[in-house]
Amino acid sequence: MANNIMLYWGSGSPPCWRVQVVLEEKRLQGYQNKLLSFDKGEHKSPEVLAINPRGQVPTFKHGDIILNESIGICLYLEDLFKSEGVQLMPDDPREKAIILQRSLESNNIFQKIGDIACYNEMVPENERSEAGLQRLKDALSLELKLWEGYAAKMGTESYVAGKNFTMADAVIFPLVALVFRFGASQTKYPYLAAYYNLVKNRPSIQATWPPHWKENPNKGDMLKNV
Amino acid sequence: MASEMVLYWGSGSPPCWRVQVVLEEKKLQGYKSKLLSFEKGEHKSAEVLALNPRGQLPTFKDGTTVINESLGICLYLENKFKTKGTQLICDDPKECAAVYQKILESNNIMQRIGDIMQYSRRVPESERTEAGLQRLMEALSEELKFWEGYVQKMGAGSHIAVKNFTMADAVIFPIIAVLFRFGVSQGKYPNLAKYYNSVKSRPSIQATWPPHWKENPDAVMDMLKNV
């Protein structure tokens, strides 16, 4: 069961973290795993490329089944281990709809963080500009405003999709945690902050907290003005 | 059932087209169809914004349930109507994983196309460069190499994730069709071309072919001719 699951992951990467949360929630903690260093380029090692030609994490194997898309892995695990641990996708179609909506919609946040974090990597020096980077930060601000609105509408004691922790939280909490880790202001986004503080102590979240964040609790400031 | 569904869509938009294909495959053709014009900005109308604050298409309702993420709509429909029409997600775990992999991985192609199509909207004129646009074209080329390889590996007679037509094809065929419509060379991507030519005749695909493409089948669209 769990011991023929192999997860290659990187610390602090939301797509990896969400898979780890789901594995915890489904009581599959015995999985094999390999923590890779982005700094050392280990995600581009032959071992990873042999399984994932994109050289990205998460890279995931279950026996001889390979899945390298984080939401795909979450859906797959929930399907296969539906009756194990916490039910992350309720049976009711209406509840399913909101979980699917928010989980897939969260890619908007991830893209916009990536555009900022990878700006120097993606844009040659002679094409970079303050204005260019600022535009990307403004785009993330607008995006976060939308999610702040969603959280406000749900209320402070609510998870993403309602009263219960679901797959949507496994998918989205790591993104919210990342945004605050990189310096976004909890006072500017009070409902997202309330959500963050509500969920952060959940056992599956604590068990999978990025190791290098534990070692270095200091927050960055890349997103402090977002 | 279908009559309680409303789909707001735009012609030629892959995220919309994939939902329409799934509705056909699940025998839910009776849905209310609202074709909107991107050019006229109808996707930003009050009617759409009331359901979708992003003002994007597809926007979809089933009774009072609203979903505005195309993959979300597809998964919702397959889940709710599992035994109706074509089964689009396989029961076998390995095949199921292959379908999930492809449907989510397809976002990479959509992103690269979007970067090119939206270039002049996202980047102010003073900051646009030939080199900048060329980089985006190259990124799409690199991306298509992966998919050309995937199709080649699957072999003749296969669909994109597994042997049979699945949700992966509903999701990905429209993207491939858009690429060729916008001038990508079938000669440069012979496996994708074979896939395109083999799947395009499927009834659900034919029934949902973008109307403005039918009106103007020979339009010379060459934005992506060098990709």
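Note that the structure is predicted; figures quoted are calculated from it, not measured.

Quick notes on the rules
Residues numbered from 1 in each chain as written. Chains lettered and ligands numbered in written order. Predicted model: local features only at pLDDT ≥ 70, side-chain atom pairs only at ≥ 80, totals over all residues. Heavy atoms only, no water. Buried < 20%, exposed > 50% of the residue type's maximum accessible area, 1.4 Å probe, protein only. Helix = DSSP H or I, 4+ residues; strand = E, 2+ residues; numbered from the N terminus. Pairing = 2+ DSSP bridges. Right-handed = clockwise from strand over helix to strand, strands pointing away. Salt bridge = Lys/Arg side-chain N within 4 Å of Asp/Glu carboxyl O. Disulfide = S-S within 2.5 Å. Core = buried A, V, L, I, M, F, W, Y, C linked by side-chain atoms within 4.5 Å. Contact = heavy atoms within 4.5 Å. 1 Å grid on protein atoms, 1.4 Å probe; cavity = no way out; pocket = protein on both sides within 12 Å on 5 of 7 lines; lining within 4 Å. Points joined across faces, edges and corners; volume = space filled by probe spheres on them. Nonpolar A, V, L, I, M, F, W, Y, C, P; charged D, E, K, R; others polar. Axes fitted to C-alpha atoms, helices over the stretch in contact; angles between N-to-C directions. Buried area = accessible area lost by both parts, 1.4 Å probe.

Before we move on, can you summarise the pairing of strand S1 (residues 5-10) of chain A with the specific residues and values?
All names here are of chain A. Within S1, 6 of the 6 residues are buried, which leaves it mostly tucked inside the rest of the structure. Strand direction decides the pairing type here: S1 and strand S3 (residues 59-62), joined by 4 bridges, are antiparallel. Bridge pairing links Met-6 to Lys-61 in S3. Here 5 bridges tie S1 to strand S2 (residues 32-36), and the two strands are oriented parallel to one another. Paired with Tyr-8 across the two strands is Lys-34, which belongs to S2. Read from S1 through helix H1 (residues 14-25) to S2, the crossover connection turns out right-handed.

Just give me the short version of unusual backbone geometry, but keep the residues and values in it.
Each neighbour pair has its own omega, and for Val-57 of chain A with Pro-58 of chain A the value is 5 degrees, a cis peptide bond. Counting through the fold element by element, Pro-58 of chain A comes out in the loop between helix H2 (46-49) and S3. Cis geometry is adopted by the peptide bond preceding Pro-58 of chain B, which originates at Leu-57 of chain B and carries an omega value of 5 degrees. Position of Pro-58 of chain B among the secondary structure elements: in the loop between helix H2 (46-49) and strand S3 (59-62).

Mind laying out the pattern of salt bridges, listing which residues take part and the relevant values?
Oppositely charged side chains can form a pair if their charged atoms are brought close together. Across all of its chains, the model carries 22 salt bridges over all chains by this definition. Of the charged contacts, one joins Glu-143 of chain B and Arg-54 of chain A as a salt bridge, the two residues approaching to 2.6 Å between their closest N and O atoms. With Glu-143 of chain B in helix H7 (residues 130-154) and Arg-54 of chain A in the loop between H2 and S3, this pair bridges two chains. In terms of burial, Glu-143 of chain B and Arg-54 of chain A fall into one category: buried. Here Arg-54 of chain B ties to Glu-105 of chain A by a salt bridge, and the two come within 2.9 Å at their closest N and O atoms. Highlighted residues: Arg-54 of chain B in the loop between H2 and S3 and Glu-105 of chain A in helix H4 (residues 93-105), drawn from two different chains. The same class applies to Arg-54 of chain B and to Glu-105 of chain A, which are both buried.

Describe the state of the cysteines, and please don't skip the residues or the numbers.
In a disulfide, the sulfur atoms of two cysteines are covalently bonded to one another. What the rule picks out here adds up to 0 disulfides over all chains. In this model Cys-74 of chain A remains outside any disulfide bridge; the closest cysteine sulfur is found in Cys-16 of chain A, 11 Å from its own. Given a relative accessible area of 0%, Cys-74 of chain A falls into the buried group. Looking at the unpaired Cys-74 of chain B, the closest cysteine sulfur is the one in Cys-16 of chain B, lying at 11 Å.

Describe the nonpolar core, listing the residues and the values that go with them.
Within the largest apolar cluster, 145 residues are counted, with the highest numbers of intra-cluster contacts made by Leu-77 of chain A together with Leu-77, Ile-103 and Leu-179 of chain B. Look past the residues within four positions of Leu-179 of chain B in its chain and what remains in contact with it is Ile-109, Ile-113, Leu-140, Leu-144, Val-184 and Leu-224 of chain B.

Describe empty space enclosed by the protein, listing the residues and the values that go with them.
Residues and elements named next belong to chain A. According to the stated counting rule, one finds 1 cavity of 30 Å³ or more in the structure shown. The computed volume of the largest cavity comes to approximately 40 Å³. Around the largest cavity sit Ile-109, Leu-144, Trp-147, Leu-175, Val-176, Val-179 and Leu-192, which together line it. Every element with two or more residues in the lining of the largest cavity is listed here: helix H7 (130-154) and helix H8 (167-181). Of all the elements, H8 adds the most residues to the lining of the largest cavity, at 3 residues. For the lining of the largest cavity, the per-class residue count stands at 7 nonpolar, no polar and no charged.

Talk me through the layout of surface pockets; I want residue IDs and the actual numbers.
All names here are of chain A. Quantified by volume, the second largest pocket comes out at close to 730 Å³. Considering the residues around the second largest pocket, the lining is formed by 36 residues, among which Ile-98, Arg-102, Tyr-150, Lys-153 and Met-154 are closest to the centre. The biggest single contributor to the lining of the second largest pocket is H4, with 7 residues. The residue makeup of the lining of the second largest pocket, split by class, is 20 nonpolar, 9 polar and 7 charged.

Lay out the sheet that holds S3 of chain B with the relevant residues and their values.
Residue and element names in this part refer to chain B. Strand order in the open sheet formed by 4 strands is S2-S1-S3-S4, with mixed pairing between adjacent strands. The open sheet has two edge strands with one neighbour each: strand S2 (32-36) and strand S4 (65-67). Neighbouring strand axes in the sheet, compared pairwise and without regard to direction, differ in orientation by 15 degrees on average. Here helix H3 (residues 70-80) sits on the sheet and contacts strand S1 (5-10), S3 and S4; the angle it forms with S3, its principal contact strand, is near 25 degrees.

How would you sum up the interface of chain A and chain B? Please name residues and give values.
On the chain B side, the residues contacting the 37 residues of chain A number 36 residues. When chain A packs against chain B, close to 3000 Å² is buried across both sides, 54% of that on carbon and sulfur atoms. In this structure, the connection of chain A to chain B is made through 7 salt bridges. Between Arg-135 of chain A and Glu-127 of chain B there is a salt bridge, with the nearest N and O atoms lying 3.1 Å from each other. Among the elements that line the side of chain A that touches chain B, the one with the most residues is H4 of chain A, at 8 residues. Taken together, the residues that form the side of chain A that touches chain B break down as 19 nonpolar, 8 polar and 10 charged.

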